[in-house]
There are 4 protein chains.
Amino acid sequence: MIAVIKKGTSDKQLENLTSWLRAQGLDIHLSRGSTHTIVGLVGDTSKIDAELLESLEIVESVKRISEPFKSANRKFHPDDTVINVGNTSVGGDIFAIIAGPCSVESEEQVLSIAHSVKAAGATMLRGGAFKPRTSPYDFQGLKADGIDYLIKAKKETGLPIVTEIMNANHLELFEDVDVIQVGARNMQNFELLKELGRTKKTILLKRGLANTLKELLMSAEYIMAGGNENIILCERGIRTFDTYTRNTLDLSAVPMLKELSHLPVVVDPSHATGLSRLVKPMALAATAAGAHGLMIEVHNDPKHALCDGAQSLTPEAFADVCASVKRVLDVI
Amino acid sequence: MIAVIKKGTSDKQLENLTSWLRAQGLDIHLSRGSTHTIVGLVGDTSKIDAELLESLEIVESVKRISEPFKSANRKFHPDDTVINVGNTSVGGDIFAIIAGPCSVESEEQVLSIAHSVKAAGATMLRGGAFKPRTSPYDFQGLKADGIDYLIKAKKETGLPIVTEIMNANHLELFEDVDVIQVGARNMQNFELLKELGRTKKTILLKRGLANTLKELLMSAEYIMAGGNENIILCERGIRTFDTYTRNTLDLSAVPMLKELSHLPVVVDPSHATGLSRLVKPMALAATAAGAHGLMIEVHNDPKHALCDGAQSLTPEAFADVCASVKRVLDVI
Amino acid sequence: MIAVIKKGTSDKQLENLTSWLRAQGLDIHLSRGSTHTIVGLVGDTSKIDAELLESLEIVESVKRISEPFKSANRKFHPDDTVINVGNTSVGGDIFAIIAGPCSVESEEQVLSIAHSVKAAGATMLRGGAFKPRTSPYDFQGLKADGIDYLIKAKKETGLPIVTEIMNANHLELFEDVDVIQVGARNMQNFELLKELGRTKKTILLKRGLANTLKELLMSAEYIMAGGNENIILCERGIRTFDTYTRNTLDLSAVPMLKELSHLPVVVDPSHATGLSRLVKPMALAATAAGAHGLMIEVHNDPKHALCDGAQSLTPEAFADVCASVKRVLDVI
Amino acid sequence: MIAVIKKGTSDKQLENLTSWLRAQGLDIHLSRGSTHTIVGLVGDTSKIDAELLESLEIVESVKRISEPFKSANRKFHPDDTVINVGNTSVGGDIFAIIAGPCSVESEEQVLSIAHSVKAAGATMLRGGAFKPRTSPYDFQGLKADGIDYLIKAKKETGLPIVTEIMNANHLELFEDVDVIQVGARNMQNFELLKELGRTKKTILLKRGLANTLKELLMSAEYIMAGGNENIILCERGIRTFDTYTRNTLDLSAVPMLKELSHLPVVVDPSHATGLSRLVKPMALAATAAGAHGLMIEVHNDPKHALCDGAQSLTPEAFADVCASVKRVLDVI
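Anyway, here's the lowdown on the structure attached to this text. (Residues numbered from 1 in each chain as written. Chains lettered and ligands numbered in written order. Predicted model: local features only at pLDDT ≥ 70, side-chain atom pairs only at ≥ 80, totals over all residues. Heavy atoms only, no water.)

Examining the packing of aromatic side chains
Here is step 1 of the chain: Scanning all chains against the criterion turns up 8 aromatic pairs over all chains.
Here is step 2 of the chain: Ring centres of Phe130(A) and Phe174(A) lie 6.2 Å apart, and the angle between their planes is 20 degrees; on these two criteria the pair is classed as stacked. A residue pair is termed long-range when its members are at least 10 positions apart, and Phe130(A) in the loop between strand E8 (124-126) and helix H4 (144-157) and Phe174(A) in the loop between strand E9 (161-165) and strand E10 (179-182) qualify at 44 residues. For the residue pair Phe130(A) and Phe174(A), the accessibility class agrees, reading buried in each case.
Here is step 3 of the chain: Geometrically, the ring pair formed by Phe190(B) and Tyr222(B) is stacked, given 4.6 Å between the ring centres and 20 degrees between the ring planes. Pair noted here: Phe190(B) is in helix H5 (residues 190-197) and Tyr222(B) is in helix H6 (residues 213-225), with a separation of 32 residues, a long-range link. Like Phe190(B), the residue Tyr222(B) is buried in the burial classification. (Phe/Tyr/Trp six-rings, centres within 6.5 Å; stacked < 30°, edge-to-face > 60°. Helix = DSSP H or I, 4+ residues; strand = E, 2+ residues; numbered from the N terminus. Buried < 20%, exposed > 50% of the residue type's maximum accessible area, 1.4 Å probe, protein only.)

Below is the structure:
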């Protein structure tokens with residue numbers, strides 16, 4: 001961390017600052033120039049509050065050199081993390097394809113889709129039991145029943161299941177869930193993240209709709225600080241000014257996250273675009289960009305889906321996407 | 001709600017759609033043009049899922065005419081809502097000035113600041129006991145102790161208190177809190193909103209960092225749908241591409257929210273800018289724009305504040321802001 | 001186009017509006033509901049000013065159904081446009097790879113890079129002679145000399161050349177240039193677009209840093225309205241809140257633009273990310289998303305490039321990207 | 001400027017870098033830490049290309065300490081700039097109120113509005129003769145005739161006139177124009193800025209729709225670098241994700257620009273919001289935030305204006321805004 005000191009600061013003021021910083025266990029490197037003096041802080045600066053430092057009268061600006069995330073940081077953990085999930089894994093040699101309906105609507109629906117997506121090449125089954133909806137009047141999910149239907153589908157197909165949590169008080173319902181999803185709107189629900197850090201469950205953490213990559217990694221850090229290192233990062237589109245697609249899928253996040261962190265990175269092209277006809281090109285693009293997997297909405301009857309039908313593929317269209325993804329994987 | 005039907009749709013298909021819509025209790029108005037047919041849906045369309053409708057094969061696009069919020073909507077509640085809070089109120093003739101430290105740090109600190117801000121003209125005391133921080137390694141607040149100190153300050157000064165909740169499980173700690181704040185990161189934590197809807201507490205709901213005014217009002221709707229109509233909306237800056245200020249304070253939200261809704265609207269210029277020297281001009285601007293009140297960070301020792309010192313005013317600077325705000329109020 | 005009429009509008013007012021609209025050559029379809037009356041405008045609404053209509057006292061809101069672009073619109077021109085450029089083409093069977101230095105720095109530099117990129121598989125040579133720089137103190141390009149060096153490189157290698165114009169007064173210098181680039185900052189320099197519409201030159205039109213796809217197509221429309229239909233659209237990243245990459249490459253723009261328009265779409269992964277190490281993954285992703293070509297910065301000595309060295313590939317790295325792109329093309 | 005050097009860099013490599021930097025006239029301050037070495041560059045770093053430096057193999061990151069703008073920088077010009085315009089001035093004791101129609105439509109219209117706005121308190125007359133429109137099919141302005149009508153209005157009323165330029169080739173038409181406006185879409189039309197730098201005309205420079213304050217000041221720097229220091233900065237709203245207002249008016253830009261630069265800052269609440277009913281609250285807010293003036297659209301018949309009628313005030317409403325603005329000015 002570097003603090004740039006204002007011109008006109010007295011030696012006494014500077015000494016006060018540096019002894020205060022040394023008292024916090026940091027080494028100090030001073031560099032005096034004619035217009036600016038620069039204080040270099042060396043040591044564990046992750047606990048220094050940069051905004052506080054910047055607010056001091058003699059400080060012009062503060063720049064962090066090290067990233068504030070540690071457990072999620074590739075610098076301290078050079079090898080890719082591979083997470084075992086049921087009979088498969090994420091982050092290693094197997095390309096993860098997580099597929100299923102936006103919402104669980106009935107036992108029949110989930111079983112039917114689960115068989116279809118398994119046949120097409122999915123490695124995991126997804127489905128929403130608790131649904132975050134912008135309007136309180138929209139369908140909120142089947143809740144506990146929805147999770148039961150997913151577990152039945154897992155028993156029948158062997159596919160590990162992924163479903164979203166919205167309230168830490170529901171955690172006991174997730175005992176047989178393989179991967180717990182944290183949705184974009186809860187990415188900075190720090191109380192929920194802390195609770196998930198106390199479990200050993202694999203967490204699929206979606207990027208918030210206006211969150212930076214650094215904030216995504218700091219949210220992963222919340223979970224990891226509690227002792228749970230089983231985290232899958234998920235890019236699902238960010239909010240921008242354009243309105244042709246629901247969100248703007250930020251695929252440069254894939255190579256950037258892989259550089260910054262050792263955690264696996266998957267991409268959700270369904271929510272990102274909100275349009276089923278864009279799922280295939282964006283799934284292929286995400287694969288070519290180096291993602292560790294995809295998360296794709298599939299519905300046996302997209303036109304009558306209770307939510308987000310506009311972005312769901314039919315099982316046939318999904319099988320076509322899987323086949324194309326495999327061809328791209330073979331050449332990169 | 002209007003659905004534009006694709007060219008080439010058969011009469012049979014159109015009839016199927018309109019009878020399905022009529023079955024949901026809506027009146028249908030058909031307008032056939034040479035290039036497009038338009039279906040107007042009249043009635044309570046708040047329960048119609050526009051995305052589902054848009055996903056139908058024969059539908060080209062869907063446009064909502066009515067706003068999807070009802071309880072928060074000024075159309076159905078033309079008079080301004082005035083909320084009584086302790087010995088004062090928000091939304092009526094009294095301009096609310098909510099002031100205090102970002103974080104509660106000690107009993108002495110809160111008492112000292114409470115007396116100062118009361119003397120300067122504050123109508124309520126704020127202070128964070130539970131703090132949402134981007135990093136798990138940053139100070140997370142004094143929690144229950146922090147609330148205790150606020151309650152002591154309330155007893156000494158008579159100022160109603162405002163403090164943030166992050167977890168519905170903490171609700172019993174908030175029994176003597178007058179206004180419960182929902183922070184920007186929890187604006188779409190729908191589970192928390194539902195719980196708060198079951199209380200009768202006044203809720204100060206902050207706009208999320210990338211949320212539209214419609215989404216803010218839908219989040220208010222979540223609380224109101226549960227039966228709690230005591231909601232104060234708070235504009236606190238949105239995330240944009242510029243980095244000189246921490247957020248971009250969207251003051252046009254003030255007159256726009258007052259037009260769309262009957263709920264009171266306050267502005268937080270401290271978090272919006274992140275810079276103490278911008279608090280005064282933006283507080284005056286918010287007042288001139290028609291806000292019902294302000295929320296301002298004040299610290300007796302901003303340079304040593306445990307969080308967000310950069311945006312806190314000294315008690316003297318705060319007194320100057322209050323005096324200027326009153327002069328602006330007198331002329332508008 | 002649909003206008004929603006306010007409740008309480010008199011028959012007389014409505015008749016005034018509809019006769020005014022009919023006088024502009026439009027057919028009118030009225031749909032009266034209990035809460036709203038809807039006026040459907042059928043005919044050539046591209047000349048109707050939606051904002052003016054919306055400002056009328058009796059109008060609640062106006063929605064466009066048709067896109068306001070015509071010449072660029074796929075609806076009126078279903079087949080892909082293929083543009084012949086020198087000995088190659090863009091938009092058809094040949095995947096365009098446009099490569100070269102950000103800035104032309106010397107004759108030797110351009111010739112050396114031109115030979116390298118041709119050997120690696122480039123179909124066109126790019127190089128900046130006039131450079132738009134944020135600071136007036138930064139290098140502004142070699143101007144006329146730069147274009148001369150590009151023309152020499154074209155003679156030696158046969159590669160058609162692409163270079164940016166910043167001022168219509170420079171047009172005569174571009175006589176032997178094959179493709180004239182309009183940069184992101186000039187995408188809405190309508191005077192320049194109109195001048196280019198009077199030429200028959202192929203124009204590579206880059207998306208502005210905060211422009212919607214509709215605005216990009218309207219800028220293409222400016223050129224096409226003048227009679228020049230040789231336009232290549234280029235996605236090069238948009239401005240968002242994240243700062244890890246210089247811009248956010250919006251790859252969903254590729255399939256979306258191909259759906260909306262018949263014009264070819266290329267992607268510039270170099271400017272989009274500003275980081276050479278992200279060029280390969282994003283080039284592959286753009287290819288997989290269905291782009292008609294790529295525009296890539298290559299420099300023989302990226303560390304000493306006069307501008308944008310950070311995003312340039314070495315000729316070796318570029319050859320590797322070309323080989324990988326071809327493998328992806330083979331399977332999609 | 002500070003360059004952070006990567007761990008593992010050899011002394012030899014570091015020496016190469018520092019001697020190269022010294023050769024460019026900079027003093028070098030080295031600070032070696034256990035994990036990072038920091039190179040401080042002291043001297044005129046405005047000509048150093050930070051991106052080039054960052055691209056060097058041994059450099060981890062580069063941070064600018066000084067702002068890259070000089071002529072526009074308050075540090076080198078502490079006093080406010082006051083610009084004389086006709087019989088009035090901008091930036092000093094007189095609060096500038098620039099009012100008039102979006103587009104000049106006829107001689108009668110301009111004369112009528114000019115007399116109205118003068119009576120209400122306007123200090124300058126605005127009106128568009130060359131209009132930048134997103135669509136080539138929309139009204140493009142009366143051009144030379146429009147300027148003639150403005151000049152007649154100036155002769156009749158004494159009000160200095162402000163009108164937009166879109167093409168440097170039109171400059172001779174602007175001889176009797178007092179203030180030449182550069183619109184948001186041309187803020188980075190560097191060729192136009194350079195031409196305007198060669199004149200002595202007062203330039204009203206509008207912030208681009210997605211440009212940072214730094215970019216706005218760098219564009220002012222382009223004009224100033226040519227010798228023309230008569231520049232008025234104008235905040236007119238930026239593009240964000242919300243759609244209730246056309247743009248998001250960034251009023252914190254007012255105090256921030258006044259801190260960074262000595263140039264006067266005015267605010268355009270009409271274009272910012274696109275809604276006439278928001279003009280008054282935002283005009284008052286801009287005044288309270290410390291703006292040096294306002295730019296407001298007034299039309300004698302807003303419902304029939306050829307462009308942007310939705311955001312124009314009637315002369316009566318404008319007179320009310322002026323009176324309220326004066327009351328706010330009196331108390332701040």
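Read on for the rest.
Structural notes on the pairing of strand E7 (residues 96-100) of chain A
All names here are of chain A.
Here is step 1 of the chain: Counting buried positions over the 5 residues of E7 gives 5, a clear majority of the element.
Here is step 2 of the chain: Neither face of E7 is left uncovered, since the one carrying Ala96, Ile98 and Gly100 and the one carrying Ile97 and Ala99 both have all their residues buried.
Here is step 3 of the chain: Pairing of E7 with strand E14 (residues 293-297), which is carried by 5 bridges, proceeds in the parallel orientation. Its bridge partner lying in E14, Ile97 is registered against Leu294.
Here is step 4 of the chain: Alignment of E7 against E8, held across 2 bridges, turns out to be parallel. When the bridges of E8 are listed, Ile98 appears paired with Met124. (Pairing = 2+ DSSP bridges.)

Overview of the relation of the copies chain D and chain B
Here is step 1 of the chain: Rotating chain D by 180 degrees and moving it 0.0 Å along the rotation axis overlays it on chain B with an RMSD of 0.0 Å. The symmetry that links the two subunits is that of a two-fold axis. Scanning chain D for the C-alpha nearest the rotation axis identifies Ala285(D), at a separation of 2.0 Å.
Here is step 2 of the chain: The residues that chain D uses at the interface reappear at the interface of chain B in 100% of cases, marking a shared surface. (Least-squares fit on C-alpha atoms with pLDDT ≥ 70 in both. Contact = heavy atoms within 4.5 Å.)

A short note on the packing of helix H9 (residues 279-288) of chain B against helix H10 (residues 315-331) of chain B
All names here are of chain B.
Here is step 1 of the chain: With their axes 9 Å apart at the nearest point, H9 and H10 run at an angle of 25 degrees to one another. It follows from the interaxial angle that H9 and H10 lie roughly parallel. The handedness of the crossing between H9 and H10 is right-handed. The residues of H10 that touch H9, namely those facing Lys280, Ala283, Leu284, Thr287 and Ala288, are Asp320, Val321, Ser324, Val325, Val328 and Leu329. (Axes fitted to C-alpha atoms, helices over the stretch in contact; angles between N-to-C directions. Parallel < 35°, antiparallel > 145°, perpendicular 65-115°, else oblique. Left-handed = near helix turned anticlockwise from the far one by under 90°.)

Let's talk about the interface of chain D and chain B
Here is step 1 of the chain: With 39 residues of chain D in contact, the opposing surface of chain B contributes 39 residues.
Here is step 2 of the chain: Both faces considered, chain D and chain B share a buried interface measuring about 3000 Å² in area, 69% of it formed by carbon and sulfur atoms.
Here is step 3 of the chain: The largest contributions to the chain D side of the interface with chain B come from Phe241(D), Tyr244(D) and Val331(D), which together make up 23% of the buried area.
Here is step 4 of the chain: Between Arg207(D) and Asp242(B) there is a salt bridge whose closest N-O contact spans 3.0 Å.
Here is step 5 of the chain: The interface formed by chain D and chain B contains 8 residue pairs in polar contact (both at pLDDT 80 or more).
Here is step 6 of the chain: If one sorts the elements of the side of chain D that touches chain B by residue count, helix H9 (residues 279-288) of chain D sits on top with 5 residues. (Buried area = accessible area lost by both parts, 1.4 Å probe. Salt bridge = Lys/Arg side-chain N within 4 Å of Asp/Glu carboxyl O. Polar contact = N/O pair within 3.5 Å; in protein donor to acceptor, adjacent residues only side chain to side chain.)

A look at the sheet that holds strand E11 (residues 202-206) of chain D
Residue and element names in this part refer to chain D.
Here is step 1 of the chain: The 8 strands lie next to each other as E7-E8-E9-E10-E11-E12-E13-E14, forming a closed barrel whose pairing is parallel. In this sheet, adjacent strand axes meet at a mean angle of 30 degrees when their direction is disregarded.
Here is step 2 of the chain: Contacting strand E9 (161-165), strand E10 (179-182) and E11, helix H5 (residues 190-197) runs over the sheet at an angle of about 165 degrees to E10.
Here is step 3 of the chain: Across the sheet, helix H7 (residues 253-260) touches strand E12 (231-235) and strand E13 (265-267), and the angle it forms with E13 is around 165 degrees.

With respect to the interface of chain B and chain A
Here is step 1 of the chain: Facing 49 residues of chain B, the contacting portion of chain A comprises 49 residues.
Here is step 2 of the chain: In total, chain B and chain A occlude about 4300 Å² of area from one another, counting both sides; carbon and sulfur atoms represent 49% of this.
Here is step 3 of the chain: Along the contact surface separating chain B from chain A lie 2 salt bridges.
Here is step 4 of the chain: Among the ionic pairs, Glu215(A) bridges to Arg239(B), the shortest N-O distance being 2.6 Å.
Here is step 5 of the chain: Summed over the shared surface of chain B and chain A, the number is 19 residue pairs in polar contact (both at pLDDT 80 or more).
Here is step 6 of the chain: Listed by contribution, the elements that provide at least two residues to the side of chain B that touches chain A are helix H2 (50-55), H5 and H6 of chain B.
Here is step 7 of the chain: Considering every element that reaches the side of chain B that touches chain A, the biggest residue donor is H6(B), with 5 residues.

Structural notes on the relation of the copies chain B and chain A
Here is step 1 of the chain: The operation relating chain B to chain A is a screw motion whose rotation component is 180 degrees, with 0.0 Å of axial translation and a residual RMSD of 0.0 Å.
Here is step 2 of the chain: With an isologous cut-off of 70% or more, the 100% of interface residues of chain B that recur at the interface of chain A puts this contact in the isologous class.

Considering the pattern of salt bridges
Close approach of charged atoms allows side chains with opposite charge to pair.
Here is step 1 of the chain: Inspection of the entire model under this criterion finds 56 salt bridges over all chains.
Here is step 2 of the chain: Between Lys194(A) and Glu191(A) there is a salt bridge whose closest N-O contact spans 3.8 Å. Residue Lys194(A) and its partner Glu191(A) are located together in helix H5 (residues 190-197), separated by 3 residues, close to a single helical turn.
Here is step 3 of the chain: Three or more residues joined by partner-sharing salt bridges are found here, namely Arg207(A), Glu235(A), Asp250(A) and Asp242(C).

Here we look at the sheet that holds strand E8 (residues 124-126) of chain B
All names here are of chain B.
Here is step 1 of the chain: Read around the closed barrel, 8 strands run E7-E8-E9-E10-E11-E12-E13-E14, paired in parallel fashion. Here the average twist between neighbouring strands, direction ignored, is 30 degrees.
Here is step 2 of the chain: Pairing geometry for strand E9 (residues 161-165) and strand E10 (residues 179-182), over 4 bridges, is parallel. Bridging from a neighbouring strand, Thr163 pairs with Ile180 of E10.
Here is step 3 of the chain: Relative to E9, helix H4 (residues 144-157) is tilted by about 165 degrees, and along the sheet it contacts E8 and E9.
Here is step 4 of the chain: Strands strand E13 (265-267) and strand E14 (293-297) of the sheet are contacted by H9, whose axis makes an angle of about 165 degrees with E14.

Points about the pairing of strand E3 (residues 37-42) of chain C
All names here are of chain C.
Here is step 1 of the chain: Most of E3 sits inside the fold, with 6 of its 6 residues counted as buried.
Here is step 2 of the chain: Neither face of E3 is exposed, since Thr37, Val39 and Leu41 on one face and Ile38, Gly40 and Val42 on the opposite face are all buried.
Here is step 3 of the chain: Strand direction decides the pairing type here: strand E1 (residues 2-5) and E3, joined by 4 bridges, are antiparallel. For Ile5, the partnering residue across the bridge sits in E3 and is Thr37.

Details of unusual backbone geometry
Here is step 1 of the chain: For Lys143(A), which is not glycine, the phi torsion reads 55 degrees and is therefore positive.
Here is step 2 of the chain: Inspection of the secondary structure assignment puts Lys143(A) in the loop between E8 and H4.

Overview of helix H9 (residues 276-288) of chain A
Here is step 1 of the chain: In a regular helix each residue adds 1.5 Å, so 13 residues correspond to 18 Å; H9(A) covers 19 Å between its end C-alpha atoms and thus fits that length.
Here is step 2 of the chain: In terms of residue burial, H9(A) counts as a mostly covered element, since 10 of its 13 residues are buried.
Here is step 3 of the chain: Residues of H9(A) that are buried include every one of Leu278(A), Val279(A), Pro281(A), Met282(A), Ala283(A), Leu284(A), Ala285(A), Ala286(A), Thr287(A) and Ala288(A), and no others.
Here is step 4 of the chain: Among the structural elements, strand E13 (265-267), helix H8 (269-273), E14 and helix H10 (315-331) of chain A together with helix H7 (253-260) and helix H9 (279-288) of chain C are those in contact with the buried residues of H9(A). (Expected span 1.5 Å × (residues − 1).)

What to know about the state of the cysteines
Here is step 1 of the chain: Using the criterion set out here, one finds 0 disulfides over all chains in the structure.
Here is step 2 of the chain: As a non-bridged cysteine, Cys234(C) has Cys102(C) as the owner of its nearest cysteine sulfur, 13 Å distant. (Disulfide = S-S within 2.5 Å.)

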